[in-house]
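# Examining the three-dimensional arrangement
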Amino acid sequence: MRRLLSSLVVFVSLISPAAAQVPFGEASTVKEGLEIGASTSEIAIASDFQGADLTIFGALTNADELFLAIGQYDVVVTLEGPKDYATVRRKERVLGIWMNTQSMTFEQVPESYSLASTRQIESIDEAPSLNNIGVGIDHLPLNPVGYIPNSGLIGEFRDAYRRLKLSNGLYQRDTNGVRFVSSSLFRASLRLPANIPDGMHMVRAYLFKSGALIAQKEMPLRVVKTGLEQAITDAAHQRPFAYGLICVLIAVITGWGASLIFRKD
């Protein structure tokens, strides 16, 4: 009897080695993960800065080969700039004059936002879920400050804010910006506009499996001004009185010089 039981154990181990390695009471599946890295950790802005391309490399860990083969994994990579309050104003014609009549301020929204994905994010996941995690230009949380008597205006001001950011290039999206270079390795390309704000930015990568978010990673990216631009910024913030005095002096000298050049005798 003992020999028979020993033979059965050996037989089961041979036909099911994976099951033999999993301890009793533990799940046999391993959760997928995500790892990312960037081509650089710092972007320097000089006087001739015309924008730049940022490349993000990533890998899926413990990915299911079957789901990889049928394309059930999607990756979304975003670059969020520093957050600050943003005010949107509406201009209307009053007595023949265009003037600001209404305004709305949103709290702590990214000053810049770039997105790259394997496909349209609306086809990756449903809108309510994207709103909850705040992925995508149309799904960023734009929460107004203070009491809004007419709640119907919130949607209009949100749309106006997105249009303004898209028109000046601070908000960008590329629905084909993430490509798999192998079964589990991917590369994302993000465009940094020429007017990108300096400060600490955050790179975030999201891994979706069959339309459900299963993993995410983030890493910081510094955008700094260099040369004359940095010197002017430091002077304006650290020595505002001297900075203002120098600006006034330069304006006076420039005006006086122009009057001498174009003076008619």
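Residues numbered from 1 in each chain as written. Predicted model: local features only at pLDDT ≥ 70, side-chain atom pairs only at ≥ 80, totals over all residues. Heavy atoms only, no water.

### Describing the overall build of the chain
Spelled out, the test is: Only runs of H or I of at least four residues qualify as helices and only runs of E of at least two qualify as strands under DSSP, and these elements are numbered from the N terminus. Relative accessibility thresholds used throughout: buried, under 20% of the residue-type maximum; exposed, over 50%; partly exposed, between the two (1.4 Å probe, protein chains only). Throughout, the Shrake-Rupley method with a 1.4 Å probe supplies accessible areas, and for residues the shown protein chains are the sole cover considered.
Scanning the chain from N- to C-terminus turns up eight helices and 12 strands. Looking at the chain as a whole, 32% of its 265 residues qualify as buried. Element-wise, carbon and sulfur atoms account for 57% of the exposed surface of the chain, whose accessible area totals about 16800 Å².

### Brief notes about the pattern of salt bridges
Counted only if it meets this: The rule for a salt bridge is simple: a side-chain nitrogen of Lys or Arg has to be within 4 Å of a carboxyl oxygen of Asp or Glu.
By the definition in use, this model includes 10 salt bridges. The closest approach of N and O atoms between Arg162 and Asp159, which form a salt bridge, is 3.4 Å. With Arg162 and Asp159 both in helix α6 (residues 152-167) and three residues apart, the pair spans about one turn of that helix. Within the structure, one salt-bridge network assembled from shared partners comprises Glu80, Arg204 and Glu218.

### Describing the side chain of His201
Short version of the rule: Definition of a polar contact: a pair of N or O atoms within 3.5 Å, with one able to donate and the other able to accept a hydrogen when the atoms are protein atoms, and with sequence-neighbouring residues admitted only if both atoms are side-chain atoms.
Relative to the helices and strands, His201 is located in strand β11 (residues 199-209). At a separation of 2.8 Å, a polar atom in the side chain of His201 contacts the main-chain carbonyl oxygen of Pro197.

### Regarding the sheet that holds β11
Where strands meet in a sheet, backbone hydrogen bonds hold them as pairs that are either parallel or antiparallel. Put simply, the rule is: When DSSP locates at least two bridges between a pair of strands, those strands are taken to pair. Axis angles are defined between N-to-C directions and span 0 to 180 degrees, where every axis is a line fitted to C-alpha atoms and, for a helix, only to the segment in contact.
The strand order across the open sheet built from six strands is β2-β12-β11-β4-β7-β8, with neighbouring strands paired in mixed fashion. What marks the edges here is a single partner per strand, and that holds for β2 (42-45) and β8 (171-174). For this sheet, the mean inter-axis angle between neighbouring strands, taken without regard to orientation, is 15 degrees. Where β2 lies against strand β12 (residues 212-225), four bridges are found, and the strand directions are parallel.

### Brief notes about the confidence of the model for the chain
Which entries qualify depends on this criterion: Confidence scores per residue from the predictor, reported as pLDDT, run from 0 to 100. We call two residues contacting when some pair of their heavy atoms lies within 4.5 Å.
Scored by pLDDT, the chain has a mean of 82; 84% of the residues are at 70 or more. In the predicted structure, residues 1-28 sits below a pLDDT of 50 and forms three contacts with residues beyond four places in sequence or in another chain.

### Considering the layout of surface pockets
Where we set the bar: A pocket here means an open set of points on a 1 Å grid, computed over the protein atoms alone, that has protein on both sides within 12 Å along at least five of seven lines. A cavity is instead a set of points where a 1.4 Å probe fits but cannot get out; residues with an atom within 4 Å of a point line either one. Grid points are joined across faces, edges and corners, and a volume is the space filled by probe spheres set on the points. For this classification, Asp, Glu, Lys and Arg are treated as charged, while Ala, Val, Leu, Ile, Met, Phe, Trp, Tyr, Cys and Pro are nonpolar and the rest, including Gly, are polar.
In this structure, the largest pocket encloses a volume near 170 Å³. Contributing to the lining of the largest pocket are Glu80, Lys83, Glu107, Gln108, Pro110, Ile133, Gly134, Leu140, Pro141, Asn143, Arg204 and Tyr206. Broken down by secondary-structure element, the contributors of at least two residues to the lining of the largest pocket are β6 (97-110) and β11. The biggest single contributor to the lining of the largest pocket is β6, with three residues. Split by residue class, the lining of the largest pocket holds five nonpolar, three polar and four charged.

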